[in-house]
Amino acid sequence: MAFFSFKKKSLLLCILFCWLSANAQIQDSLQTQSHQPQEEDNVKYPQLQIKGLFQARYLVGMSKDVDVNGLHHSDGSGTDNNFMLKYMRVQVRAQISKRTEVVVLANLADFKNDPKSRVLENAYLKYTFSPKLALTVGQFRPWFGIEETYPIDIIKSLDWSNQYTEFGKLGWTSFQIGMSATGQLQLGEVPFQYAVSVVNGNGKNQINDNDNGKQYSTRLVFGLSKKYNFNVGLNGGIGEVFSKKVYALGVDLSSLIHFDPKWSLDMQLEAKQATNHVLYNSIAPELRPDNPDQYLIRGVYFLPNLRYEINHKNLSAFELSCRYEYLDTNFRMASNPRQTITPMFGLEFLKNYGARIQLGVQFDRYKYQVENTNQYNNNLFIIQVQSRF
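An account of the accompanying structure is given in this report.

## Describing the overall build of the protein
Secondary structure assignment for the protein yields three helices and 16 strands. Here the protein holds 389 residues, and the buried ones make up 46% of them. Put simply, 59% of the contacts in the protein that link residues at least 6 apart link residues at least 24 apart. Accessible area of the protein: about 20,300 Å², with a carbon and sulfur share of 60%.

As structure tokens, then:
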């Protein structure tokens, strides 16, 4: 019965994609028959666009016996300061027809690690039927929260949130292999965006899925206030991992308020909960319960970012942010929540984050400290420089 249930889900998803494709194609063809510009025939494909990102850091650990990666060393070893190359990204976007694009994104800085499951990040083909529907196939970031909707080079804090990293390990966020349908609609006067995705759920650059299960997720975004750019996002997902049912839920709020042409405040609030099937499957079969939902992860973060536009020839803007995070990776069985506060000050020297310097401190606090692990209180000072081109 589980086999037929899985097949039924796959069949229903394929039927949904096909119906959406047919519907969007018909609507789009009606719109384009009457006014297709003649100069479109003169456009030469493919059209290539190359972009990049350089990002480096200097880290100083300010907690005794804790290294720059947050690992505690009871013997006093470990490195408490480090120059770090975080990203050297190169992206190639090829527009091969009016509706079709192919995107490749690689992080060359990952060659410093074992590159087997790294380096290649995005590798997908996207076909756009109309603004209402686009299909993406390959390796990409499925929408499941605010952070998937913008790249690392315009992030408002030091890095991705802790919950984003953990949900990436669980297959809901970060780079995954699969397919997705996305689009924009209008519900009366309310702008509406959606994403429906199905992925393997075992991360990027994998030769095969590690089981027969797939993870299905959806994201719905409602624009409730144009004046304050206030959006509400609803996220939900179900799946099957090693024949066990898993789920994920999330809600997020975002707003961008312009006080005047120079001052603005960007705010993000996001909360998620999911089955921690990675932790569940790491336990010996004879010791773990039958229901993986005994192992649950829960997280929330709030990120306000204040920006002032200077528009000087040598300095474009400055930003001040402070992200608060709460994350508990196993709150039902063995709760040990992590709270992280990250105040950051940034100077932007070229518009659109073309060149930026950030200074900040990351404060990590655990309810229970565990020696010789990453579950240990830590203070980390960061200087980060980046340039996008």
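Let us keep going from here.
## Concerning the environment of Pro261
Tracing the backbone shows Pro261 in the loop between β10 (244-258) and β11 (263-275). A residue is classified by how much of its surface remains accessible, and Pro261, at 80% relative accessible area, is exposed.

## With respect to the environment of Ala274
Structurally, Ala274 can be placed in strand β11. Residues Ala274 and Arg298 lie 24 residues apart in sequence; the distance between their C-alpha atoms is 6.7 Å. The contact partners of Ala274, leaving out residues within four places of it in the chain, are Phe167, Leu170, Trp172, Tyr247, Ala248, Tyr295, Leu296 and Ile297.

## Overview of the packing of aromatic side chains
Applying the stated criterion across every chain, the model contains 12 aromatic pairs. Seen from their ring centres, Phe192 and Tyr194 are 6.4 Å apart, and the 20° between their planes marks the pair as stacked. Accessibility assignment for this pair places Phe192 and Tyr194 in one class, buried. Taking the centre distance of 5.6 Å and the plane angle of 40° together, the rings of Tyr308 and Phe318 count as tilted. Note that Tyr308 is positioned in strand β12 (residues 296-309) and Phe318 in strand β13 (residues 317-328), a separation of 10 residues in sequence. Tyr308 sits in the partly exposed class, given a relative accessible area of 21%. By the ring-pair criterion, three or more aromatic residues cluster together here, those being Trp263, Tyr308, Phe318 and Phe345. Stacked on the ring of Tyr280, the Lys or Arg Arg288 has its end atom at 5.0 Å from the ring centre. Its end group placed over the ring of Phe331, Arg298 keeps NZ or CZ at 3.9 Å from the ring centre.

## Brief notes about unusual backbone geometry
Cis geometry marks the peptide bond from Tyr45 to Pro46, where omega comes out at 5°. Relative to the helices and strands, Pro46 is located in the loop between α1 (2-34) and β1 (47-61). The phi dihedral of Asn229 is positive, around 50°, even though this residue is not glycine. Of note, Asn229 is situated in the loop between β8 (215-225) and β9 (230-241). On the accessibility criterion, Asn229 (34% relative accessible area) is partly exposed.

Analysis parameters
- Residues numbered from 1 in each chain as written.
- Predicted model: local features only at pLDDT ≥ 70, side-chain atom pairs only at ≥ 80, totals over all residues.
- Heavy atoms only, no water.
- Helix = DSSP H or I, 4+ residues; strand = E, 2+ residues; numbered from the N terminus.
- Buried < 20%, exposed > 50% of the residue type's maximum accessible area, 1.4 Å probe, protein only.
- Contact = heavy atoms within 4.5 Å.
- Areas by Shrake-Rupley, 256 points an atom, 1.4 Å probe, with all protein chains shown as cover.
- Phe/Tyr/Trp six-rings, centres within 6.5 Å; stacked < 30°, edge-to-face > 60°.
- Lys NZ or Arg CZ within 6 Å of the ring centre and 35° of its normal.

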